[in-house]
Amino acid sequence: MGHRLADSSSLYLRSHADNPVDWFPWGAEAFAEARRRDVPAFVSIGYAACHWCHVMARESFEDAALAAALNERFVAIKVDREEHPDVDDTYMAATQAMTGQGGWPMSVFTLPDGRVFHAGTYFPPRRIGQVPSFAEVLDAVHSAWTQRREEVETSAEQIAASLGAQRRQQAGLATTVHTRQDDDAASSASTGDAAVAPLMAAAEVQELVTQALALLTEQEDTVHGGFGSAPKFPPSPLLGFLLEEAAWDRASPAARLALRTLESLSRSALFDQVEGGFARYATDLAWALPHFEKMLYDNAQLLGHSARLSVHPAADAEQRERAARQARMSIDWLTRRMLLEDSGLLASSLDADTVDETGHHAEGATYLFADTELHQVALAAGLNETEAEQLLALNRGVPADEHGATTGAPLHVTPETPRTLHFDAPLTEAQATLWDRALPELRRRRAERHQPARDEKVVAAWNAQAISSLAVAASLWTDEALLDDAQALAQRLWQTHVTLDDDGAARVHRISYAGRRGDELGGLSDHAHLAVACFQLSSAGAETGPQTDPQTDPQTGPQDGAVGTAQDAGDWRDRGAAVLRMMLKTFVREQDGELQLLESADDDGLLAAAQHGPLFATPLDGPEPSSVAALAQALQMAEALELLSAEDLRPEQILQHVKLAAAKAPTVIGASLLVARRSARKSPAFRFLGGTAQDLAEVRRAGALYGVPVEPVEAKLVEPGAALRLSVCLNAVGSMVCLPPVDSLQEALEGLR
């Protein structure tokens, strides 16, 4: 029945190929079939690592009677949200607007043109309280379609119109009105007219930051760390802003917020205390019981944050040491568990569930340890009885009982109860030593267990975020081997995911499998994160070297139109500029004097109908930085590296939402606050004019910590025994001046405070 999905490159779609449901993949063919049969479409959206997606599949999509009803009355469409984030984004907005909540699996019913008229998430096989069963939902939707068609179509039109208006309004919050007057001002600024003021002056940004930090202080969970209630997600985009703010000002509230949050995460069950890497979120306030899927986008960001904390001036020596250990563990986990041999790129996720040889699913079973087994581990690792008892006392984890963890119900823990690995406080040096002695045996035993499935889909945006963090870590630690690893990953991503237009603009394809890219153009976030990664590599001192020709590469096979050699796009700085050119011509447009940012270049018309127009880019962060913030960061780094022309878009022009949200919702604009702060410092860059290799390493470390890119450095400027000569160039509109050289890194930084 699932023949259309059997050969899909998507692991998630293939996992549904044996369902009795007659699934279609997302596309025009499915909706054409709905029009031909004059039935609604049922759009089911999820991803491979999603626990509740697996549950609904087993309960409903593998049920013959439910599948028969679904096939008879609907055209069923299965969507991998990671392949089609624009589809997911569109229908998630509808689901949240109609139900007040969202999540996966997402269950959406649409007209044959894609406009939604009913939506929900997980539906159980039998009614639970006020939550209807999936069969009841199918009956109700079918009844409405056959008996109240006009009402359904009117509702779909109203929903689409409302969503379109809401999205346009939200997107409009980010941008200024772009007029010819703005162009004239930019042109004047390019000639050195310092009278032209930036759109957000430093004093205004300082006030916004102060407001944001005040509200964040009120919203912080001072007991368990982080922000908000359960379920709790790591505030990854916000942490980047807090760490950078705290680096500039150790007395800032940002220092306390960043350090307490990161330390809470690092000692919790959210962090894999055996292998490294973070789970996606916790079901409880204390971070003691995660949903166990591990996503690359979370780990790509948190790796960079841990690396920054490992050298952070606001952290003490023990905090820095713990952060370095955690970052190194996560890098090791990425290399061992996520790096794909066939492509040299990073997989997208590890599943929440572990499946045994009988086909039984158990969420988190790979990661849990009972006290009896921990005791055996300790003795096998050479610990004595006293040390073994000390090791057991460290763990304050809980059973995989979500109801108990979230409601406070008794957990009924015995020595034989498998539990998460969770510490109530950061480990002391002695405790960490004890734990590290047991780690080899813990890892050996875990390796003997059934392992969670890995989704080997490669997502450009997520790999690019990992590259950025690895490049930053390499600069912070002066680790040339790590920089080589970051560059090798970037080379493979560029080879596999990038093609060049005739004008040299770099097109980024979102997805690849086994070294073969998908046809679909990536979205704004894919392009923006790759541009940032290229700029980070350039700042770290990476140099593009010879690369194999994808036309004949034995691993990737033929790639029509692929970039063949490094000369096609120059060094990493030039490559970032090539990606930026693609963004500016594809995802940025002006209509009736209004600047508009598009999330995707969708051209099949289905999403346009569903949202009454194009999918505008959102300025609000989720688990990842918003695509608007990612574009703003790419623009700001390009500005700092002197890559923008007078008529180009400037980062301040798409950060207007910071003014509105700083004092109201700072948790969702962390990535934008980061860029606004850098822009207010006039987009500085370090210009290395001479010094030793150690001097250059210290400048690059400071650049990574403080968010100040380092311009490309000529080899002849680095000499043993040479005195440091360092200038700071200010490259924002109205600035465009290089300050007099100084002989101290600290003096250069003081000039920017």
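Placed above this text is the structure.
Residues numbered from 1 in each chain as written. Predicted model: local features only at pLDDT ≥ 70, side-chain atom pairs only at ≥ 80, totals over all residues. Heavy atoms only, no water.

1. Points about the state of the cysteines
Part 1 of the reasoning: This structure, assessed with the given rule, holds two disulfides.
Part 2 of the reasoning: The disulfide partner of cysteine 50 is cysteine 53, and the S-S distance across this bridge is 2.4 Å. Classification of the bridge connecting cysteine 50 and cysteine 53 rests on its S-S torsion, roughly 80°, and on that basis the disulfide is right-handed.
Part 3 of the reasoning: By relative accessible area, cysteine 53 is classed as buried at 3%.
Part 4 of the reasoning: Ordering the disulfide-forming cysteines of the protein chain by sequence position, one finds them joined as 1-2, 3-4. (Disulfide = S-S within 2.5 Å. Buried < 20%, exposed > 50% of the residue type's maximum accessible area, 1.4 Å probe, protein only.)

2. Considerations on helix 26 (residues 670–680)
Part 1 of the reasoning: With eleven of eleven residues buried, helix 26 is to be regarded as a mostly interior element.
Part 2 of the reasoning: Of the residues making up helix 26, those classed as buried are Gly670, Ala671, Ser672, Leu673, Leu674, Val675, Ala676, Arg677, Arg678, Ser679 and Ala680.
Part 3 of the reasoning: Where the residues of helix 26 are buried, they touch helix 10 (202–219), helix 11 (236–248), helix 24 (627–640), helix 25 (657–661) and strand 20 (684–690).
Part 4 of the reasoning: Within two residues after helix 26, lysine 682 carries a phi angle of roughly 70°, on the positive side. (Helix = DSSP H or I, 4+ residues; strand = E, 2+ residues; numbered from the N terminus. Contact = heavy atoms within 4.5 Å.)

3. Let's talk about unusual backbone geometry
Glycine aside, the phi torsion of most residues is negative, and most peptide linkages are trans.
Part 1 of the reasoning: In this structure, proline 105 follows tryptophan 104 across a cis peptide bond, with omega equal to 5°.
Part 2 of the reasoning: Tracing the backbone shows proline 105 in the loop between helix 6 (85–99) and strand 4 (106–110).
Part 3 of the reasoning: Omega for the bond connecting alanine 230 with proline 231 falls within 30 degrees of zero, at -5°, which places this linkage in the cis form.
Part 4 of the reasoning: Counting through the fold element by element, proline 231 comes out in the loop between helix 10 and helix 11.
Part 5 of the reasoning: Located in the positive-phi region is tryptophan 287, a residue other than glycine, with phi close to 65°.
Part 6 of the reasoning: With respect to the helices and strands, the residue tryptophan 287 is situated in the loop between strand 6 (281–282) and strand 7 (290–291).
Part 7 of the reasoning: Tryptophan 287 gets classed as buried once you look at its relative accessible area, which sits at 1%.
Part 8 of the reasoning: With a phi angle near 60°, glutamate 642 is a residue other than glycine that sits in the positive phi range.
Part 9 of the reasoning: Tracing the backbone through its elements, the reader meets glutamate 642 in the loop between helix 24 and helix 25.

4. Thoughts on the sheet that holds strand 3 (residues 75–80)
Part 1 of the reasoning: Reading across from one edge, 1-3-2-4-5 is the order of the five strands in this open sheet, with mixed pairing throughout. The strands lining the two open edges of the sheet, one partner per strand, are strand 1 (23–25) and strand 5 (116–120). Across this sheet, the average inter-strand angle for adjacent strands is 25°, counted without regard to direction.
Part 2 of the reasoning: Pairing of strand 2 (residues 41–46) with strand 3, which is carried by six bridges, proceeds in the parallel orientation. The partner of alanine 41 across the bridge, within strand 3, is valine 75.
Part 3 of the reasoning: Contacts between helix 6 and the sheet are confined to strand 2, strand 3, strand 4 and strand 5, with strand 5 contributing the most and set at about 80° to the helix. (Pairing = 2+ DSSP bridges. Axes fitted to C-alpha atoms, helices over the stretch in contact; angles between N-to-C directions.)

5. Considerations on the pairing of strand 20
Part 1 of the reasoning: The buried fraction of strand 20 amounts to five of the seven residues, a majority that puts the element mostly inside the structure.
Part 2 of the reasoning: Where strand 20 and strand 21 (residues 725–730) come together, six bridges link them in antiparallel fashion. Counterpart to glycine 690 in the pairing with strand 21 is arginine 725.

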